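Below are the chains, spelled out letter by letter.
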Amino acid sequence: KNYIDRESIGNVIVREKAGKDELAQLYNQSLGLILPSAFENQPLAILEAAACGVPAIATNVGGVSEILQDEVTGFVIKDIQNPQSEIAKRMVEIANNPILWQTLSDNAVSFAQNFTKDKTVRLYENLYQLQANRWHRLNHILKTKTPWPA
């Protein structure tokens, strides 16, 4: 926010928080999502924006590079200590190139479809089943003191 104010950049909305009812509306009005975090896990905001066709520009922290494909669905900023100029450069690039924006947007929507509720539930079910099978095998070995039958 300080950088935007200092550089007198217009048409930028800085939101630290938004209610869930506002999110889709804000994403659909946006040219891009900027996430200049110093620390993240796997930010849901990138997937939310992608689902709305909004490319993201985010610093390369935590799991960002796992859900943001550099130059495909947005831009991953490598310099996390001073990302401002690279973020500004990428945002200007998106703003001045409608074909690039449309390509990133289309790719983001396609990528976000990998994270539907049904797919996520199915992945968790598979993970839990795998863990249950491992627990069952371990329990058998501990109780019988014999290896799991092949």
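Bear in mind the structure is a predicted one, so any value in this text is a computation, not a measurement.

Turning our attention to the confidence of the model for the chain. Low pLDDT marks stretches whose predicted atomic positions should not be read closely. Considering every residue of the chain, the mean pLDDT works out to 88; 91% of them sit at 70 or more. Per-element confidence in the chain is highest for strand 3 (residues 74–77), whose mean pLDDT is 98, and lowest for helix 1 (residues 2–6), whose mean pLDDT is 63.

In this section: the pattern of salt bridges. Applying the stated criterion across every chain, the model contains four salt bridges. A salt bridge links Arg-90 to Glu-86; its shortest N-O distance comes to 3.2 Å. Taken as a pair, Arg-90 and Glu-86 lie in helix 5 (residues 84–96) at a separation of four residues, close to a single helical turn. By relative accessible area, which is 13% here, Arg-90 ends up buried.

A few words on the nonpolar core. By size, the foremost hydrophobic cluster in this structure holds 15 residues, and its most contacted members are Leu-33, Ile-46, Ala-58, Val-64 and Leu-68. Counting only elements with at least two residues in this core, the list comes to strand 1 (33–35), helix 3 (44–51), strand 2 (56–59) and helix 4 (64–67). The dominant element in this core, judged by the number of residues it contributes, is helix 3, at three residues. One finds Ile-87, Met-91, Ile-94 and Leu-100 within the second-largest nonpolar core, a separate group that totals eight residues.

What follows deals with the packing of aromatic side chains. One pass over the structure, following the stated rule, counts two aromatic pairs. With a centroid separation of 6.0 Å and an interplanar angle of 35 degrees, the aromatic rings of Tyr-124 and Tyr-128 are classed as tilted. Of this pair, Tyr-124 and Tyr-128 both sit in helix 7 (residues 117–144), four residues apart, roughly one helical turn. By relative accessible area, which is 56% here, Tyr-128 ends up exposed.

It is worth spelling out the environment of Leu-23 at this point. The residue Leu-23 is located in helix 2 (residues 20–28) in this model. Here Leu-23 falls in the partly exposed class, since its relative accessible area comes to 23%. Spatially, the C-alpha atom of Leu-23 lies 8.8 Å from that of Ala-49, the residues being 26 residues apart in sequence. The contact partners of Leu-23, leaving out residues within four places of it in the chain, are Ala-18 and Glu-48.

Further remarks concern the side chain of Ser-105. Position of Ser-105 among the secondary structure elements: in helix 6 (residues 98–112). The exposure class assigned to Ser-105 is buried, which follows from its relative accessible area of 6%. Setting aside residues up to four positions removed in sequence, Ser-105 forms contacts with Gly-53 and Pro-55.

Side chains of strand 2 alternate between two faces, with Ala-56 and Ala-58 and Ile-57 and Thr-59 buried alike. Bridge count for strand 2 against strand 3 is four bridges, and the pairing is parallel. Counted as the bridge partner of Ala-56 is Gly-74 from strand 3.

Criteria and cut-off values
Residues numbered from 1 in each chain as written. Predicted model: local features only at pLDDT ≥ 70, side-chain atom pairs only at ≥ 80, totals over all residues. Heavy atoms only, no water. pLDDT = per-residue confidence, 0-100. Helix = DSSP H or I, 4+ residues; strand = E, 2+ residues; numbered from the N terminus. Salt bridge = Lys/Arg side-chain N within 4 Å of Asp/Glu carboxyl O. Buried < 20%, exposed > 50% of the residue type's maximum accessible area, 1.4 Å probe, protein only. Core = buried A, V, L, I, M, F, W, Y, C linked by side-chain atoms within 4.5 Å. Phe/Tyr/Trp six-rings, centres within 6.5 Å; stacked < 30°, edge-to-face > 60°. Contact = heavy atoms within 4.5 Å. Pairing = 2+ DSSP bridges.

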